[in-house]
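Structural characterization, general
Listed below, chain by chain, are the residues.
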Amino acid sequence: ACTGIENIDEAITLLEQNNWDLVAAINGVIPQENGILQSEYGVETLHGPAYGPSSHSAAASSAPSSSSAFRHVVPSRQIVERQPRMLDFRVEYRDRNVDVVLEDSSTVGDVKHILENELQIPASKMLLKGWKTGDVDDSTVLKSLHLPKNNSLYVLTPDLPPPSSSHSGALQESLNQNFMLIVTHREVQREYNLNFSGSSTIQEVKRNVYDLTSIPVRHQLWEGWPPSATDDSMTLAVSGLTFPCHRLTVGRRSSPVQTREQSEEQCTDVHMVSDSDGDDFEDATEFGVDDGEMFGVASSALRKSPMMPENAENEGDALLQFTAEFSSRYGDCHPVYFIGSLEAAFQEAFYGKARDRKLLAIYLHHDESVLTNVFCSQMLCAESIVSYLSQNFITWAWDMTKEANRARFLTMCTRHFGSVVAQTIRTQKTDQFPLFLIIMGKRSSNEVLNVIQGNTTVDELMMRLMAAMEIFSAQQQEDIKDEDEREARENVKREQDEAYRISLEADRAKREAQEREMAEQFRLEQIRKEQEEEREAIRLSLEQSLPPEPKEESTESVSKLRIRTPSGEFFERRFLASSKLQVVFDFVASKGYPWEEYKLLGTFPRRDVTQLDPNKSLLEVKLYPQETLFLEAKE
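Residues numbered from 1 in each chain as written. Predicted model: local features only at pLDDT ≥ 70, side-chain atom pairs only at ≥ 80, totals over all residues. Heavy atoms only, no water.

The protein is annotated in an unreviewed UniProt entry as FAF1 factor from Cardinalis cardinalis.

As structure tokens, then:
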């Protein structure tokens, strides 16, 4: 009643800032000339003398009747002087951060004076940015801004030249840095996180935004560029952007035919006419003025752009126009509408993982309903509703004003929800709109949990949304449990399949190793057989090529040789003394001991006979008349 504050969150914040002192909180909001503690209402000021029963009654008797609503706010007891509230500021300037602590009774100029001493920058050259409110000048009292205890500001100095040679390295470093630009598309309430190097120009940023939003550069209307960013050819490093992250807002310029201000002026004129006394226009027809002529201008001024084009081919484009028109009518604080078809909204809400699923809220708008403006401005755009919807719902919208759009939605409704729901919506009268449908996705179908009509309140709307969330949460927990169990089973199956695959691979590798081993053994056996056959063939050939053994009674000189094998066996043979040593080697080889693998050693003296000339006779190598030799394998 005293301050005009209707937002409960704002009221609680002010009370907390003043330690729940109601009088101090009200005086912090109301200007002092209108404050409830002024003497014109029969009450002393905050720092005045103690209140006594006599003084209070005297003041009450002298106060005008219009101030009676304020008399009983102040208790008849002594008010303790309130301690000044301290505000903390973190101020950023280039590569420096300065902490400033001031009373809330100080001004913005006091903050600049402290920064002038800290940063050595004239206060007149300093632009202090980052205030949450609108226009702020040096004389603005901090208390009037209703600031939180901790605040972040930044200083811009567009009139000062950039750092010279001593800062050339820093400038080069800024050119190499990457800036994160968070660009909000105003009409569709969508954010884009864009990375640009410091060497990129503002023009390049605008061209990239054109690719994303389809708003030509010449039609882009920006908010958030620093005052120093006056030329599109400037690089981001020198434009004064906040590093590493800076927020910008872009929208489409309004048509030059009729600006919003002109429309508002016309609407204001209409309201002025409407609010006038009816007697002034009772006899308007007597002067030949028809009602239609009198209000013809007003009718054209009140005509609104449609929320959605009729017979739109693409649902996403229709939703883009719906969002832009909704923002222009009711402000930027509204639910974030899903841009896309109803099927895509189903996919987004219902067909992800169970933990990520949400309820689907379908808002059905109707411009001809008397409830529409109140429902949109006071309920659908309430901060609590907007926050709750964004956290727990996917919100999709459709305009039912045009008959073609109405028929199209009823067709979609029949396809997705059945004829019963479609018939329920079809029978709704115009004044029962707007409607809010709460949809929950189930395993086999989509269930309409609630149909909320436009004749409701914020509290009732919130309660029905919360009731739908309770039903959804219970179903979601079951779905999460089922999904976890299914994933656990699938994990076990995958592990078993993997173990089986590994076992098969091990068996196959083992089998292949055995096959390779058997093939190698077979190959070696074949080689061995071939070698044995070859050796046997050589042995037989040598055995056949040996000269016949001379008889003992031969008249020629005969040498008798006794040869011991490595296994300990002996074999003997007689040779002519004139025979060559090669004949002895051939004889030994015919017994299976080729001279390439074995050496023939004499006993006394010990010598290697295989090293002697094989063309010499036995007599020449002194193997006559008899000799004992033994075979030894070569290393």
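This paragraph deals with the overall build of the protein. When helices and strands are counted, the protein shows 18 helices and 17 strands. In the protein, buried positions account for 35% of the 635 residues. Sequence-distant contacts, at least 24 apart, represent 62% of the contacts inside the protein between residues at least 6 apart. Carbon together with sulfur atoms contributes 49% to the accessible area of the protein, which is approximately 38,000 Å² in total. (Helix = DSSP H or I, 4+ residues; strand = E, 2+ residues; numbered from the N terminus. Buried < 20%, exposed > 50% of the residue type's maximum accessible area, 1.4 Å probe, protein only. Contact = heavy atoms within 4.5 Å. Areas by Shrake-Rupley, 256 points an atom, 1.4 Å probe, with all protein chains shown as cover.)

Strand order in this open sheet of four strands is 6-5-8-7, and the pairing throughout is mixed. With partners counted over all chains shown, the strands left at the sheet margins are strand 6 (190-197) and strand 7 (220-223), one partner each. For this sheet, the mean angle separating the axes of adjacent strands, direction not counted, is 30°. In this fold helix 7 (residues 202-213) packs onto strand 5 (178-185), strand 6, strand 7 and strand 8 (245-252), with an angle of close to 145° to the strand it touches most, strand 6. (Pairing = 2+ DSSP bridges. Axes fitted to C-alpha atoms, helices over the stretch in contact; angles between N-to-C directions.)

Another point: the side chain of D586. Note on placement: D586 falls in helix 18 (residues 581-590). K580 is the oppositely charged side chain nearest to the buried, salt-bridge-free D586, at an N-O distance of 10 Å. Contact partners of D586, with chain neighbours within four places excluded, come to L542 and L546. (Lys, Arg positive; Asp, Glu negative; His and termini not counted. Salt bridge = Lys/Arg side-chain N within 4 Å of Asp/Glu carboxyl O.)

In this section: the side chain of H416. The topology assignment puts H416 in helix 15 (residues 403-417). Classification of H416 as buried rests on a relative accessible area of 19%.

This part is about the sheet that holds strand 15 (residues 598-602). Judged by pairing direction, the sheet is mixed, and its five strands sit side by side in the order 14-13-17-15-16 without closing on themselves. Looking at the sheet topology across the chains shown, the edges are occupied by strand 14 (570-576) and strand 16 (607-608). In the sheet, strand 13 (residues 558-564) pairs with strand 14 via seven bridges, with the strands oriented antiparallel. Residue S559 lies in a different strand from strand 14, and its bridge partner there is F575. In the packing of helix 18 onto the sheet, the strands contacted are strand 13, strand 14, strand 15 and strand 17 (626-633), and the crossing angle to strand 14 comes to about 150°.

Time to look at unusual backbone geometry. Note the cis peptide between F243 and P244, where omega equals 5°. Inspection of the secondary structure assignment puts P244 in the loop between strand 7 and strand 8. One non-glycine residue, Q189, lies in the positive phi region at around 55°. Among the structural elements, Q189 can be located in the loop between strand 5 and strand 6.

Applying the stated criterion across every chain, the model contains 29 salt bridges. R186 is the partner of E223 in a salt bridge, and the nearest nitrogen-oxygen pair spans 3.4 Å. In this pair, E223 sits in strand 7 while R186 sits in the loop between strand 5 and strand 6, placing the two residues 37 residues apart along the sequence. In this structure E223 comes out as partly exposed when scored by relative accessible area, which is 46%. One salt bridge connects E549 with R574, and the closest N-O pair in it is separated by 3.9 Å. On the criterion of sequence distance, the pair formed by E549 in the loop between helix 17 (458-545) and strand 13 and R574 in strand 14 is long-range, its members being 25 residues apart. Overall, E549 belongs to the partly exposed group, its relative accessible area being 37%. Through salt bridges with shared partners, one network takes in E325, R329 and D367.

This prediction gives the protein a mean pLDDT of 79; 81% of its residues lie at or above 70. pLDDT under 50 marks residues 32-81. Its contacts with residues more than four places away, or in other chains, come to 57 contacts. (pLDDT = per-residue confidence, 0-100.)

With that out of the way, let us pick up the packing of aromatic side chains. Counted under the stated rule, the structure contains 22 aromatic pairs. Judged by centre distance (6.3 Å) and plane angle (50°), the rings of Y388 and F393 are tilted. The interplanar angle of 20° and the centroid separation of 6.4 Å between the aromatic rings of W396 and F409 together place this pair among those described as stacked. Placement of W396 in strand 10 (residues 393-399) and of F409 in helix 15 is noted, with a sequence separation of 13 residues between them. By the burial criterion, W396 is buried, and F409 matches it. A connected cluster of aromatic rings, assembled from ring pairs, spans F322, F326, Y330, Y337, Y363, F375 and F436. (Phe/Tyr/Trp six-rings, centres within 6.5 Å; stacked < 30°, edge-to-face > 60°.)

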